[in-house]
Every structure is written in structure tokens, then in C-alpha cells.
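Each chain, written out:
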2 protein chains.
Amino acid sequence: MTSEGVEPGTVRPGGRTARVRESVLRAAGDALAEHGFDGLDLADVARRAEVGKTTVYRRWSTPTGLIADLLDDMAEQSSPRTDTGSLLEDLRANAQLVVKTLTDPRQGPLFRSVIAAATCDPRTAESLHRFYAIRIKEWAGCVTAALERGELPAGTDPDEVIRAVSAPLYYRLLVTGDPLDAAAADLAAGSAAAAARAGEYVR
Amino acid sequence: MTSEGVEPGTVRPGGRTARVRESVLRAAGDALAEHGFDGLDLADVARRAEVGKTTVYRRWSTPTGLIADLLDDMAEQSSPRTDTGSLLEDLRANAQLVVKTLTDPRQGPLFRSVIAAATCDPRTAESLHRFYAIRIKEWAGCVTAALERGELPAGTDPDEVIRAVSAPLYYRLLVTGDPLDAAAADLAAGSAAAAARAGEYVR
DNA sequence: GTTTTAACGGTTCCATGGTTCCGTTAAGGT
DNA sequence: ACCTTAACGGAACCATGGAACCGTTAAAAC
């Protein structure tokens, strides 16, 4: 007799199961990018992934559950950061990367969708927070480097500086609708650097 | 013969029609605060508003359509800003108001929901942008006052300073999940003021 | 007050998203 | 190579969200 409470896909995660997960998550990303969060239909995802819709419902049950898993998957693919030797240049590179991502015809709608999903479900929110915690940590390195070069007041919180770069860009994306262009990126990087130099992120 | 393309509620907007709109919008706000964007059920809204569900479907048709109208309604109720005579104090008051709103047990979930809805529908996004454009304009006054007092470099964009206060707070709410407390408010106000003094928002 | 008809609202109806059933396939262990 | 059973997938089924229908109420115009 098998214990009851095991999630499907946990006992035999290899081979077919892994292939199914991969193609379903890719299909989910495509569907989100095309139709947005509220247009996400699990049957449609199953069709795109060439997988039985029963499978999708069984393993992920809800749209937000699927998106949470998608986020966990996205969190594993890390993207490397730049290291120019100047804080402002590094922050600009970061800001430009964020802008490029958020204005990308696939990634932009996708990110909007996963954020929308996270506002609707705690488990998805958790996954989103983990995802960004990782991304932020990856870029915090350029702030610690600047600290070591003496460009910033001692005690400055590296994560907070990186977050300060992203914040105005996501604010534009989600709240005000102001354009996400090169000027916005430079403004975000510049003001984060200025506040950091002023010692606002100490402690 | 009446022309066909007129929206219901536009020809006889008084009396009953207005009462219906009012109670439906209030009910929609309640429902959003309780069940979130994806849990919004128009039939449930109709029940709460003590209105026929046919009416809700006819006048608003979709959840996002209803939310767009709710936002247009919210945009009309303006809240007054403070004027302490110091930029930093005014920005702090603004940041604290935002934090208070976003952590409020009703308003917080409501704002999350309308923002989620705006990511799903262009018309709703437009209403959201209008709403925030108004709110930002209301508070920009304290920056122009600071400019006149010579606290900031000439040419500083007042709206941009106000947006810089809100951005990190909404970023926490929607993206990172970091706490929205008094410390977050002071940090947001402080770094916006620092960047503004450094001339980052000139032009 | 009377008339016209916009707007409301109860009921019925239907399409569609999601569940259940059960047979098939293949992962993991020996 | 073989066995057990986790996981998949097609088909039939069902509940539920949203549309259509039509009689009722009351806003606006006179």
C-alpha cells in the first residue's frame, strides 16, 4: 500500500515525467506571453505541450500552481552579470538588461503575467520572491565590488542598491505605464547610484 | 428607432442607474479585497450589490471592465496631501500614506487586485495609469514648493520625485515581498530626496 | 400627470472548463 | 529481462459561468 499524500511526479521524476514537465512549462510560458494571466487555459497549455489535459490538471491543478512551478524553473536558469569596474556602469548595464527583458515581446508579457499571478496566490508569490531574491543576489556582487573599491560608504546594503535600480522600472511597467526606454534605465541607475553614494542604503 | 451602439447607463444615468453603479462598484471593491483578482465572480458581485446578475453582465461584461470602471470611480475621490515646509518631511508623509494604504486589510488586497487586472487588459491599464497620474500630480505640489524654497536644483521634475518615493514601495508589494513598514517608508522618502538633491531628476 | 422606452432582474438555456474513469505506457527496482 | 505501479492520456461526464429571453420598473421628456 502506498502512502496517499504524495504529489504526482515525485516518485518517478525521470524520463517521461521530466519531458512532460519541460514541455508543459515551455507551453505555459508561451501561453502566458500570448494571452496573459487571465487568459491562461490549462487545456490550451496541454494542447500546446502535446500532452493530455488530464496530466496538466493532475500535476498542477490550478493556473497559479502551474505558474509557481514555472517560476521555480525560471529561478534555476541564471543569467550572468557584467563587471565593468565602475558602479554606475554596472548599474546601467543592469537597468538596461531589465528594460530589455520587460520590453521583450515574449518576456515582457510573461513577467507581467507571473507578477499578476503572484498577487492572486501566496504559493506563487513565494516562488516569485525566491526568483527575485536570486536575481538580486547575482547582481549584488557589483555593489560589493564598488564597496571594496571605496566607491560607496561602508555598511551600504548591496541588495538594496540593486533593488533601487529595478524598482522604478517595475513601477513603470506595472503602475504608471510610463515608457521603458534607455532614458528610463539611465535614470534608474543614476538615481540608485546617487542615493547609494549619499549613504541612504547604509545598514 | 434608437441608435444601436450606445452603452447601457449612458442615456438615463440618474436615479436607479446611479444607485446600481454605486452599489456594484462598492461590492466589486469588497469582492476584490476578499478574493483577489482571479477570484472575482460577477454573479457574486451582483449578489453582494443586491442587483440582478444580468445587470452586471450587461453593463460591465467582464471582470476587467468592471475593475476599469472602479478605477475611474476611485480616481474621482481625491485625498489631500500634507505640507510641512520641508521636502523630506513631505515625502515621508507621502511614503507613510502609501505604506498605510498598501498594508490596509482592505485597500492592500484591493490595490494588488486592480494592478493585476491592469496587466491583463489595456483598457483597465489606461484607467490605472490615469488614477496614478492624478495621485502623483496631487503630491507633486510639495516638490514644486521645495523647488521654490531652493531646496532642489532648478529644472527638477516634480512628478518624477513623487514616483521615486512610491516605486520602491510598490516594488516590495508586487515583486520582492519585502516588508512594508515605517522603515521602508523612510528609506523610500530618503533615497528619493537624496537623488533629487543630487540633480538626478533634472529635466 | 402621462407617455415613452432605458435599464433592471428573474428564469432558462448552453457552452466550456475542469473532474472522473479506466485502460495504456514506461520508470525504477530486482 | 521482468515485475510493479507511477504517471500518462483519451473519452465520457458534470458543474458552473455567462448569454438570451422577456416581462417589470422607473428615468427623462412633455
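None of the values given here were measured: they were computed from a predicted structure.

Draft legend 1. Representation of the overall build of chain A in the model. Along its length, chain A carries nine helices and zero strands. Taken from N to C terminus, the helices and strands of chain A fall in the order α-α-α-α-α-α-α-α-α. Principal-axis analysis of the C-alpha atoms places the extent of chain A at approximately 60 × 40 × 25 Å. When the 203 residues of chain A are sorted by exposure, 52% land in the buried category. Taking contacts inside chain A between residues at least 6 apart in sequence as the whole, the part at least 24 apart equals 66%. Of the roughly 9400 Å² of accessible surface on chain A, a fraction of 50% belongs to carbon and sulfur atoms. Once the 24 positive and 29 negative side-chain charges of chain A are each reduced to a mean point, those two points are 5 Å apart.

Draft legend 2. Region of interest: the environment of Val 56 of chain A. Residue and element names in this part refer to chain A. The topology assignment puts Val 56 in helix H3 (residues 53–60). Sequence separation of Val 56 and Val 20 is 36 residues, and the distance between their C-alpha atoms is 9.1 Å. When neighbours within four sequence positions are excluded, Val 56 is seen to be in contact with Val 24, Leu 42, Ala 46, Val 51 and Ser 61.

Draft legend 3. A look at the interface of chain A and chain B. The interface is formed by 34 residues belonging to chain A together with 34 residues belonging to chain B. Here chain A packs against chain B, burying approximately 2900 Å² in sum over the two surfaces, 68% of which is carbon and sulfur. Where chain A touches chain B, the interface holds four salt bridges. Between Arg 172 of chain A and Glu 160 of chain B there is a salt bridge, with the nearest N and O atoms lying 3.8 Å from each other.

Draft legend 4. View of the relation of the copies chain A and chain B. Expressed as a screw operation, the relation of chain A to chain B combines 0.0 Å of axial shift with a rotation of 180 degrees, fitting to an RMSD of 0.0 Å. Taken together, the rotation and translation describe the operation of a two-fold axis. For chain A, the smallest separation between a C-alpha atom and the rotation axis is recorded for Ala 116 of chain A, amounting to 2.2 Å.

Draft legend 5. Representation of helix H7 (residues 122–148) of chain A within the structure. A rise of 1.5 Å per residue sets the reference length of H7 of chain A, with its 27 residues, at 39 Å; its end C-alpha atoms lie 38 Å apart and thus fit the reference within 8%. Following H7 of chain A by one or two positions, Gly 150 of chain A adopts a phi angle in the positive range, close to 80 degrees.

Draft legend 6. Layout of the protein's contact with DNA strand D. Every one of the 24 residues lining DNA strand D counts as a neighbour, but Val 11 and Arg 12 of chain A together with Gly 14, Arg 16 and Lys 53 of chain B are closest to it. The sugar-phosphate share of atoms of DNA strand D within 4 Å of the protein amounts to 59%. Between DNA strand D and the protein, one listed contact pairs a phosphate oxygen with a side-chain N or O atom of Arg 59 of chain A at 3.0 Å. Within the contact set of DNA strand D, a phosphate oxygen lies 3.5 Å away from a side-chain nitrogen or oxygen of Arg 19 of chain B. Elements represented by at least two residues in the surface near DNA strand D include exactly helix H1 (15–35) and H3 of chain A together with helix H1 (15–35) and helix H3 (53–60) of chain B. Among the elements that make up the surface near DNA strand D, the one with the highest residue count is H3 of chain A (four residues). For the surface near DNA strand D, the class distribution of residues is six nonpolar, 10 polar and eight charged.

Draft legend 7. Representation of the environment of Tyr 201 of chain A within the structure. By the element assignment, Tyr 201 of chain A lies in the segment after helix H9 (182–197). With near-sequence residues (within four places) excluded, Tyr 201 of chain A lies in contact with Gly 155, Thr 156, Asp 157, Glu 160, Val 161, Ala 164, Ala 192, Ala 195 and Ala 196 of chain A together with Leu 187 and Ser 191 of chain B.

Draft legend 8. Representation of empty space enclosed by the protein in the model. Tallied over the entire structure, the rule returns one cavity of 30 Å³ or more. The volume enclosed by the largest cavity comes to roughly 380 Å³. Looking at the largest cavity, it is lined by 32 residues, and the ones nearest its centre are Ala 164 and Pro 168 of chain A together with Ala 164, Ala 167 and Pro 168 of chain B. Of all the elements in the fold, those that place two or more residues in the lining of the largest cavity are helix H8 (158–176) and H9 of chain A together with helix H8 (158–176) and helix H9 (182–197) of chain B. Tallying contributions element by element places H8 of chain A first for the lining of the largest cavity, with nine residues. Counted by class, the lining of the largest cavity contains 22 nonpolar, three polar and seven charged residues.

Draft legend 9. Focus on helix H2 (residues 42–49) of chain B. All names here are of chain B. When you tally the buried positions in H2, you get six out of eight residues, the bulk of the element. Residues of H2 that are buried in the fold lie against H1, H3 and helix H4 (63–76). Just downstream of H2 lies Glu 50, where phi reads positive at about 55 degrees.

Draft legend 10. How the structure looks around the packing of helix H4 (residues 63–76) of chain A against H7 of chain A. Residues and elements named next belong to chain A. Put simply, H4 and H7 touch, their axes get as near as 8 Å, and they point 15 degrees apart. In terms of axis orientation, H4 runs roughly parallel to H7. Crossing hand, H4 versus H7: left-handed. Facing H4, whose interface residues are Thr 64, Ile 67, Ala 68, Asp 69, Leu 71, Asp 72, Met 74 and Ala 75, H7 presents Arg 123, Thr 124, Ser 127, Leu 128, Arg 130, Phe 131, Ile 134 and Arg 135. Residues belonging to the contact of H4 with H7 are distributed by class as follows: eight nonpolar, three polar and five charged.

Draft legend 11. Structural context of the packing of helix H5 (residues 87–103) of chain A against H7 of chain A. All names here are of chain A. Between H5 and H7, the least distance of the axes is 9 Å, while the angle of their chain directions is 170 degrees. Taken together, H5 and H7 sit at an angle that is classed as roughly antiparallel. For the pair H5 and H7, the crossing hand works out as left-handed. Contacts between H5 and H7 involve Leu 87, Asp 90, Leu 91, Ala 93, Asn 94 and Leu 97 from the former and Trp 139, Cys 142, Val 143 and Ala 146 from the latter. Looking at the contact of H5 with H7 residue by residue, the classes come out as eight nonpolar, one polar and one charged.

Basis of the calculations
- Residues numbered from 1 in each chain as written.
- Chains lettered and ligands numbered in written order.
- Predicted model: local features only at pLDDT ≥ 70, side-chain atom pairs only at ≥ 80, totals over all residues.
- Heavy atoms only, no water.
- Helix = DSSP H or I, 4+ residues; strand = E, 2+ residues; numbered from the N terminus.
- Buried < 20%, exposed > 50% of the residue type's maximum accessible area, 1.4 Å probe, protein only.
- Contact = heavy atoms within 4.5 Å.
- Areas by Shrake-Rupley, 256 points an atom, 1.4 Å probe, with all protein chains shown as cover.
- Lys, Arg positive; Asp, Glu negative; His and termini not counted.
- Charge placed at Lys NZ, Arg CZ, Asp CG, Glu CD.
- Buried area = accessible area lost by both parts, 1.4 Å probe.
- Salt bridge = Lys/Arg side-chain N within 4 Å of Asp/Glu carboxyl O.
- Least-squares fit on C-alpha atoms with pLDDT ≥ 70 in both.
- Expected span 1.5 Å × (residues − 1).
- Near = heavy atom within 4 Å.
- Polar contact = N/O pair within 3.5 Å; in protein donor to acceptor, adjacent residues only side chain to side chain.
- Nonpolar A, V, L, I, M, F, W, Y, C, P; charged D, E, K, R; others polar.
- 1 Å grid on protein atoms, 1.4 Å probe; cavity = no way out; pocket = protein on both sides within 12 Å on 5 of 7 lines; lining within 4 Å.
- Points joined across faces, edges and corners; volume = space filled by probe spheres on them.
- Axes fitted to C-alpha atoms, helices over the stretch in contact; angles between N-to-C directions.
- Parallel < 35°, antiparallel > 145°, perpendicular 65-115°, else oblique.
- Left-handed = near helix turned anticlockwise from the far one by under 90°.

On their own, these measurements won't tell you what the molecule is for.
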